[in-house]
Amino acid sequence: MKVVFVCTGNTCRSPMAEYLMKDYCKKKNLKIYAESRGLACSNGKPISENSLIALSNVGIDAKEHVSSSFTLKDLFDADLVVTMTQSHKDALIYHFNAGENVKTFDEITGLGNVVDPYGLSIYEYEKCREQIEKGIPIIVDYLTKK
């Protein structure tokens, strides 16, 4: 199974979700492949410093991450595309004619939109990471029951 997390720039929220999902699945010995993409990103950018710190604070190394734009191939290759907000989902529907395999983080988890911490304090990045961490087991459950 494959899940693709989507945010705007692919340097904060979606990479945190990708690496948290990879870590969770590794610990649970699950065969779920995770990636992340951005809708308005410059390809090849590193993960934001505060996202890197927020992940390292829970023992996850994401130094290897480089930003990548969402493509039609991502839509077809993924069993599930999880957007951080409704506006990201709306953009995928508009630009890619996305269908049933695209859900917002909130639609699956009931934990609300994942607010962009870009440019904010490490505290906001930690809050963002914690919200995503709470949602990962719920997303795994959704995926495995699909």
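Located above this text is the structure these notes cover.
Now for a look at the structure at hand. (Residues numbered from 1 in each chain as written. Predicted model: local features only at pLDDT ≥ 70, side-chain atom pairs only at ≥ 80, totals over all residues. Heavy atoms only, no water.)

Some words on unusual backbone geometry
And step 1. Positive phi, close to 60 degrees, is recorded for asparagine 10, a residue that is not glycine.
And step 2. With respect to the helices, strands and loops of the structure, asparagine 10 is situated in the loop between β1 (2-7) and α1 (13-28).
And step 3. In this structure, asparagine 29 takes a positive phi of about 55 degrees despite not being glycine.
And step 4. Within the secondary structure, asparagine 29 is located in the loop between α1 and β2 (33-38).
And step 5. We classify asparagine 29 as exposed; its relative accessible area is 63%. (Helix = DSSP H or I, 4+ residues; strand = E, 2+ residues; numbered from the N terminus. Buried < 20%, exposed > 50% of the residue type's maximum accessible area, 1.4 Å probe, protein only.)

Focus on the sheet that holds β2
By definition, the strands of a sheet pair up through backbone hydrogen bonds, in either a parallel or an antiparallel sense.
And step 1. Judged by pairing direction, the sheet is parallel, and its four strands sit side by side in the order β2-β1-β3-β4 without closing on themselves. Edge positions in the open sheet fall to β2 and β4 (102-104), since each of these has one partner strand only. Recorded for the sheet is a direction-independent mean angle of 25 degrees between the axes of neighbouring strands.
And step 2. In the sheet, β1 pairs with strand β3 (residues 80-83) via four bridges, with the strands oriented parallel. Within β3, the residue paired with valine 6 across the bridge is threonine 83.
And step 3. Strands β1 and β2 of the sheet are contacted by α1, whose axis makes an angle of about 155 degrees with β1. (Pairing = 2+ DSSP bridges. Axes fitted to C-alpha atoms, helices over the stretch in contact; angles between N-to-C directions. Contact = heavy atoms within 4.5 Å.)

Some points on the packing of aromatic side chains
And step 1. A full pass over the atoms with the stated rule returns one aromatic pair.
And step 2. A ring pair is formed by phenylalanine 70 and phenylalanine 96, whose centres lie 5.1 Å apart and whose planes are at 75 degrees; its orientation type is edge-to-face. Within this pair, whereas phenylalanine 70 is found in the loop between α2 (49-56) and α3 (72-77), its partner phenylalanine 96 is found in helix α4 (residues 86-96), the two being separated by 26 residues in sequence.
And step 3. Residue classification places phenylalanine 70 among the buried residues on the basis of a relative accessible area of 6%. (Phe/Tyr/Trp six-rings, centres within 6.5 Å; stacked < 30°, edge-to-face > 60°.)

So, the nonpolar core
And step 1. In terms of nonpolar packing, the biggest core is built from 31 residues, with Val3, Phe5, Met21, Leu55, Val82, Ile132 and Ile139 touching the most fellow members.
And step 2. Looking at this core, the elements that each hand over two or more residues are β1, α1, α2, β3, α5 (105-109) and α6 (122-145).
And step 3. No other element matches the seven residues that α6 contributes to this core.
And step 4. Not counting residues within four places of it along the chain, the set of residues in contact with methionine 21 comprises Val3, Phe5, Ala34, Ile136, Ile139 and Val140.
And step 5. The next biggest cluster of nonpolar side chains, apart from the first, holds nine residues, and it includes Leu75, Leu92, Ala98 and Val102. (Core = buried A, V, L, I, M, F, W, Y, C linked by side-chain atoms within 4.5 Å.)

A look at the pattern of salt bridges
And step 1. Applying the stated rule across the entire model yields 15 salt bridges.
And step 2. A salt bridge links arginine 13 to aspartate 116, with the nearest nitrogen and oxygen atoms 3.6 Å apart. Remark: aspartate 116 occurs in the loop between α5 and α6 and arginine 13 occurs in helix α1; sequence separation between them is 103 residues.
And step 3. By relative accessible area, arginine 13 is classed as buried at 4%.
And step 4. Across the pair aspartate 23 and lysine 27 runs a salt bridge, and its minimum N-O distance is 3.0 Å. Here aspartate 23 and its partner lysine 27 are both found in helix α1, four residues apart, which amounts to about one turn of the helix.
And step 5. In this structure aspartate 23 comes out as partly exposed when scored by relative accessible area, which is 21%.
And step 6. What you see here is one network of salt bridges that share partners, running through Lys2, Glu35, Arg37 and Asp74. (Salt bridge = Lys/Arg side-chain N within 4 Å of Asp/Glu carboxyl O.)

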